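A closer look at the structure
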Amino acid sequence: MAGEDIKGHLDALLLAVVADGPVHGYAVVERLKARSGGRFDLPEGTVYPALHRLEGDGLLRSQWTVANGRRRRQYELTVRGRAELGTRTESWRRFAIAVERVLGAA
Amino acid sequence: MIDDYLAELLAHLRLPDGKRRRIVAEVEDHLACAAADLHTEGLDPEQAEREAVLRFGPSDALARTFLEHEAARAGRRAGWAGATLAFVTAVLMIGAPGSAVFRGDFPLGVLAFVLGQVALIAGALTLARAWVGSTEGGLRGPRLTLVLRGTLVVLGCALIGLLFGAARSLASGHWRATHWLPLAALMLASAPTLEAHLRARCHAQALGVPARPGADLSELLALALDRIAAPRAVALASFPRRHPWRFAAGVSIVAGVALAVGHGLSEGGVPVHHVLRALDAGAIIACVEALAALLGFAVLGRYLGLRSDIR
């Protein structure tokens, strides 16, 4: 799926991926690819501005950690982020069901 | 290859040093991990680095996205700070009984009253735009330009008020609390607004936001009517775009009558016949306010995005 197609859903997808546990940027992209079965193949750099924006909005928090002698920024969900993920997931489900009903009736 | 990419990215990122360093460190870690994985999969080290950079995307596009987000955040902060300053300015210059420094006979009292009203309108528009921008995934483009313009108008009103108040206080020869407290409050509210405005303007200029943003009053009205009023009323929102001067005249008349009624209420109390009598006596007030509002629309309407400057 092209980057443009998932642009409007990227925030929710990132929140869902980070909800699995603390994760750094590269692993976010890897998890996104793995959980979508390789369908979400967007330019990898695009996740970083979104991660920073979500952090600025108080939905994620991050801190530097050291792994294998390398400094990396780890992200995790805040309480607000978890609530937002719940809201977006519910909203998406309602939307998907409605689309499915329309397409199924065609 | 990775080092070249990082150097390019660093050159494109027009952000504060701390943010640039953090972004580059994260990207460096990402590219190193990606290249290591690709090398494990069988690519030679140089090919692995090239592939990792290719998958990451162009550095200029990435830097621009970061800058857009930073500009949106700074613009939103400027909008909120500007709206707060507008409220403080309006309260001090129009409403607060303790701010004697802004009270006086014609023309001083009238100047403060006009500045307070202009700040309030510019602040309300700025707040609406900052709010709509943040609910639509970020403040950008023409709307960011209009937020910056609105903030600048509010800052201008506050600055003129400060100068006017300070001069008046100095001329009176004594510093009473009713003089220095309102001036101190105005200065305190102006400082964060000025800082936020300058920061947002800096990012906006780096992005090249539109210099001629047009008007979005009808769009704002449509959103407001859709959310807080009957959806059927949304069609009315296109009226200011189709007939800007008729809309301005209507609003001016309503503002004039509202001011005269307010004057009537303060003079005569709530009973209707008192209000009507005061309204009759306040016909001059109504006319002056209506003319002033129309003049304000003519002078600042385009700048504040109330009427379009693009035909």
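All of the points below concern the structure found in this document. (Residues numbered from 1 in each chain as written. Chains lettered and ligands numbered in written order. Predicted model: local features only at pLDDT ≥ 70, side-chain atom pairs only at ≥ 80, totals over all residues. Heavy atoms only, no water.)

The next point concerns the overall build of chain A. The number of helices and strands found in chain A is 5 helices and 3 strands. Ordered by position in the sequence, the α and β elements of chain A form the string α-α-β-α-α-β-β-α. Overall size of chain A, expressed as C-alpha extent along the three principal axes, is 55 × 30 × 20 Å. Of all 106 residues assigned to chain A, the portion counted as buried reaches 38%. Partitioning the intrachain contacts of chain A with sequence separation of at least 6 by distance along the chain shows that 45% fall at a separation of at least 24. As displayed, chain A offers around 6100 Å² of accessible surface, 53% of which is attributable to carbon and sulfur atoms. (Helix = DSSP H or I, 4+ residues; strand = E, 2+ residues; numbered from the N terminus. Buried < 20%, exposed > 50% of the residue type's maximum accessible area, 1.4 Å probe, protein only. Contact = heavy atoms within 4.5 Å. Areas by Shrake-Rupley, 256 points an atom, 1.4 Å probe, with all protein chains shown as cover.)

Now for helix α2 (residues 17-40) of chain B. All names here are of chain B. Here α2 contains 24 residues, and its C-alpha end-to-end distance of 34 Å stays within 8% of the 34 Å for a straight helix at 1.5 Å per residue. Those residues of α2 lying buried are Arg 22, Ile 23, Val 24, Glu 26, Val 27, Asp 29, His 30, Leu 31, Cys 33, Ala 34, Ala 35 and Leu 38. Remark: Gly 42 follows α2 within two positions and exhibits a positive phi of approximately 125 degrees. (Expected span 1.5 Å × (residues − 1).)

This paragraph deals with the pattern of salt bridges. In this structure the tally under the stated criterion is 22 salt bridges over all chains. The salt bridge partner of Asp29(B) is Arg70(A), with a shortest N-O separation of 3.7 Å. Residue Asp29(B) is found in helix α2, and its partner Arg70(A) is found in strand β3 (residues 70-77); the two belong to separate chains. Taking the shortest distance from any N to any O, the salt bridge between Glu68(B) and Arg64(B) comes out at 3.6 Å. Residue Glu68(B) and its partner Arg64(B) are both found in helix α4 (residues 59-95); the two are separated by 4 residues, about one turn of the helix. Arg64(B) sits in the partly exposed class, given a relative accessible area of 42%. The network of salt bridges with common partners includes Arg129(B), Arg143(B), Asp216(B) and Glu219(B). (Salt bridge = Lys/Arg side-chain N within 4 Å of Asp/Glu carboxyl O.)

Taken together, the 23 residues of chain A in the interface contact 20 residues of chain B. Between chain A and chain B, roughly 1800 Å² of surface is buried when both sides are summed, and carbon and sulfur atoms account for 55% of that area. In terms of surface lost to chain B, no three residues of chain A exceed Tyr26(A), Tyr48(A) and Pro49(A), which account for 32% of the buried area on that side. Taken together, chain A and chain B are joined by 5 salt bridges. Between Arg72(A) and Asp29(B) there is a salt bridge whose closest N-O contact spans 3.2 Å. Counting every contact that joins chain A to chain B gives 12 residue pairs in polar contact (both at pLDDT 80 or more). Those elements that place two or more of their residues in the side of chain A that touches chain B are α3 (25-35), α4 (47-56), β2 (60-67) and β3 of chain A. Per-element accounting of the side of chain A that touches chain B gives the leading share, 7 residues, to α4(A). (Buried area = accessible area lost by both parts, 1.4 Å probe. Polar contact = N/O pair within 3.5 Å; in protein donor to acceptor, adjacent residues only side chain to side chain.)

The next point concerns the packing of helix α5 (residues 108-135) of chain B against helix α8 (residues 217-228) of chain B. Residue and element names in this part refer to chain B. Here α5 crosses α8 at 70 degrees, and the two axes come no closer than 11 Å. Here α5 is positioned roughly perpendicular relative to α8, judged by the angle of their axes. Contacts from Leu 125, Ala 128, Arg 129, Trp 131, Val 132 and Thr 135 of α5 reach α8 at Leu 217, Leu 220, Leu 223 and Arg 227. (Axes fitted to C-alpha atoms, helices over the stretch in contact; angles between N-to-C directions. Parallel < 35°, antiparallel > 145°, perpendicular 65-115°, else oblique.)

Residues and elements named next belong to chain A. What the 3 strands build is an open sheet, ordered β1-β3-β2; its pairing is antiparallel. One side of each edge strand has no neighbouring strand; the edge strands of this open sheet are β1 (23-24) and β2. This element, α4, spans β2 and β3 of the sheet and lies at about 125 degrees to β2. (Pairing = 2+ DSSP bridges.)

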